[in-house]
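So you can see what is in the structure, the chains are spelled out below.
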Amino acid sequence: MNDQRGKHDSQILHSGEEVHLTKSPGGKWSIKSYDWSFPKGLVLATKTVYAQDVGWKEYKFDSVEDAYSFVSNQIKLGKAPCAKSPN
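J.: Please set out the pattern of salt bridges residue by residue, giving values where relevant.
T.: Across all of its chains, the model carries one salt bridge by this definition. Linking Lys28 and Asp62 is a salt bridge whose minimum nitrogen-to-oxygen distance equals 2.9 Å. In this pair, Lys28 sits in the loop between strand E2 (18–23) and strand E3 (29–40) while Asp62 sits in the loop between strand E4 (43–50) and helix H1 (64–76), placing the two residues 34 residues apart along the sequence. Classification of Asp62 as exposed rests on a relative accessible area of 58%.

J.: Break down the sheet that holds strand E1 (residues 7–12) for me, with residues and values.
T.: Spatially, the four strands line up as an open sheet ordered E1-E2-E3-E4, and their pairing is antiparallel. Every interior strand has two partners, whereas the edge strands, E1 and E4, have only one. With strand direction ignored, the average angle separating the axes of adjacent strands in the sheet is 20°. Looking at chain direction, E3 and E4 are connected through eight bridges and run antiparallel. For Pro39, the partnering residue across the bridge sits in E4 and is Leu44. Relative to the sheet, H1 contacts E1, E2 and E3, its axis offset from that of E3 by approximately 50°.

Cut-offs and rules
- Residues numbered from 1 in each chain as written.
- Predicted model: local features only at pLDDT ≥ 70, side-chain atom pairs only at ≥ 80, totals over all residues.
- Heavy atoms only, no water.
- Salt bridge = Lys/Arg side-chain N within 4 Å of Asp/Glu carboxyl O.
- Helix = DSSP H or I, 4+ residues; strand = E, 2+ residues; numbered from the N terminus.
- Buried < 20%, exposed > 50% of the residue type's maximum accessible area, 1.4 Å probe, protein only.
- Pairing = 2+ DSSP bridges.
- Axes fitted to C-alpha atoms, helices over the stretch in contact; angles between N-to-C directions.
- Contact = heavy atoms within 4.5 Å.

Interpretation in functional terms is not warranted from these geometric data alone.
Put into structure tokens, the structure is as follows:
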């Protein structure tokens, strides 16, 4: 079957960041962005990190699991901002 529509998937990592993926028709998965919320006074604020800001814009993955694992590992290695880092 020829997939004529793109796809989107998102998942919250154990560390608290929500990762957003996209897939173009017939293509591979790519990271669009990831974000997390944190208290700022009496409201919740959101920090968003876009793939192009951390050099991931051209990265492609065969599965959503591979993409989520990549982001999780980059965060664990301290190579990307995360919910536990200063905002």
